[in-house]
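# Analysis of the macromolecular model
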Amino acid sequence: MSDLSRRELIGLLAATPLPGLLGLPAGAIERASRTARGAAGAEPRFFTAAEWRTVRVLADLVIPADDRSGSATEAGVPEFIDFIMAEYPDQQARMRGGLAWLDAHSRRRFGRPFADGSPAQQTGVLNEIAWPDRAEPAVSQGVAFFNRFRDLVAAGFFSSRMGVEDLRYRGNTFVTEWTGCPEPQLRKLGVRYEE
């Protein structure tokens, strides 16, 4: 597990059947992903302007741009989340409440809403809520919100074109000749072919 990057770990999360875990009906992620591709730059249907700004900042903190691909925002994740919120009203209270909690907690600690905090302040807040086993009971609402938000970001990113390319998923490609598992992977797994 220590050899996995954060992005690879989030990619593994995205490969799990998230619609059920997120309380969404079958096909919701695919519909949201298709809609997000066409909604880049559009006004959000659910979020207020302040919430939209926070969603964009927070999504990029979950999946920032790196040398492999762009950020969550560049992949259309905020539009993906906005579609989920607009289409599935049962999801709205938790999202709106979580964003309000995040801003209130940031104001208590730093005197400003989360999106207006410095990168160090934003990281400080996230460090309090990103690891449920280490979190203080006083931030349990933030922990619940952030875990759900992170799952939505992962689902949105890895169902986007950029996310699929980031995973280096090749799909159903025809293999003309199977030469076996590459040697580095065999070593990593601690196995070898018998001769």
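Okay, so let's go over this structure. (Residues numbered from 1 in each chain as written. Predicted model: local features only at pLDDT ≥ 70, side-chain atom pairs only at ≥ 80, totals over all residues. Heavy atoms only, no water.)

## Some thoughts on the overall build of the protein
Within the protein, the secondary structure is distributed over 10 helices and 0 strands. Starting at the N terminus and ending at the C terminus, the protein contains elements arranged as α-α-α-α-α-α-α-α-α-α. The burial tally for the protein puts 43% of its 195 residues in the buried class. Once local pairs closer than 6 in sequence are excluded, the contacts in the protein between residues at least 24 apart make up 67%. (Helix = DSSP H or I, 4+ residues; strand = E, 2+ residues; numbered from the N terminus. Buried < 20%, exposed > 50% of the residue type's maximum accessible area, 1.4 Å probe, protein only. Contact = heavy atoms within 4.5 Å.)

## Concerning the environment of Leu61
Mapping Leu61 onto the fold places it in helix H4 (residues 49–62). It is 9.3 Å that separates the C-alpha atoms of Leu61 and Pro119, two residues lying 58 residues apart in sequence.

## Considerations on the nonpolar core
Among the nonpolar cores identified, the biggest contains 36 residues, and Phe47, Ile81, Met95, Phe149 and Val153 are the most heavily contacted of them. Counting residues per element, the ones that place at least two in this core are H4, helix H5 (77–87), helix H6 (92–110), helix H7 (119–129) and helix H8 (140–158). Of the residues forming this core, the biggest block, 9 residues, is contributed by H8. Apart from the residues lying within four places of it in its own chain, the contact partners of Met95 are Phe46, Phe47, Ile81, Met85, Phe145, Phe149 and Leu152. (Core = buried A, V, L, I, M, F, W, Y, C linked by side-chain atoms within 4.5 Å.)

## A word on H8
Look at H8: 27 Å from first C-alpha to last across 19 residues, which is about the 27 Å you get at 1.5 Å a residue. Most of H8 sits out of view: 15 of its 19 residues are buried. (Expected span 1.5 Å × (residues − 1).)

## Topic: H7
Within the span of H7, buried status applies to Gln121, Gln122, Gly124, Val125, Leu126 and Ile129. On its buried face, H7 sits against H4, H6 and H8.

## Notes on the packing of H6 against H8
Two elements in contact, H6 and H8, have axes whose closest approach is 9 Å; the angle formed by their N-to-C orientations is 120 degrees. If you check the angle between H6 and H8, you find them oblique. At the point where H6 passes H8, the crossing takes the left-handed sense. Of the residues in H8, those in contact with Arg94, Met95, Gly98, Leu99, Trp101 and Leu102 of H6 are Gln141, Gly142, Phe145, Arg148, Phe149 and Leu152. (Axes fitted to C-alpha atoms, helices over the stretch in contact; angles between N-to-C directions. Parallel < 35°, antiparallel > 145°, perpendicular 65-115°, else oblique. Left-handed = near helix turned anticlockwise from the far one by under 90°.)

## Some points on the packing of aromatic side chains
Under the definition given, this model contains 4 aromatic pairs. The interplanar angle of 70 degrees and the centroid separation of 5.0 Å between the aromatic rings of Phe46 and Phe47 together place this pair among those described as edge-to-face. The same class applies to Phe46 as to Phe47, namely buried. Since its relative accessible area comes to 5%, Phe47 is described here as buried. Connected via pairs of aromatic rings, a cluster forms that spans Phe46, Phe47 and Trp52. Its end group placed over the ring of Phe46, Arg96 keeps NZ or CZ at 4.0 Å from the ring centre. Here the basic side chain of Arg134 rests over the ring of Trp131, its NZ or CZ set 4.5 Å away from the ring centre. (Phe/Tyr/Trp six-rings, centres within 6.5 Å; stacked < 30°, edge-to-face > 60°. Lys NZ or Arg CZ within 6 Å of the ring centre and 35° of its normal.)

## Some remarks on the environment of Glu165
If you trace the backbone, Glu165 turns up in helix H9 (residues 161–167). Spatially, the C-alpha atoms of Glu165 and Arg68 are 9.1 Å apart, while their sequence positions differ by 97 residues.

## What about the side chain of Ser71?
Relative to the helices and strands, Ser71 is located in the loop between H4 and H5. Only 3.1 Å separates the side chain of Ser71 from the side chain of Asp60, close enough to count as a polar contact. Dropping the residues within four chain positions of it, Ser71 is found in contact with Asp60, Ile63, Pro64, Ala65, Phe157 and Met162. (Polar contact = N/O pair within 3.5 Å; in protein donor to acceptor, adjacent residues only side chain to side chain.)

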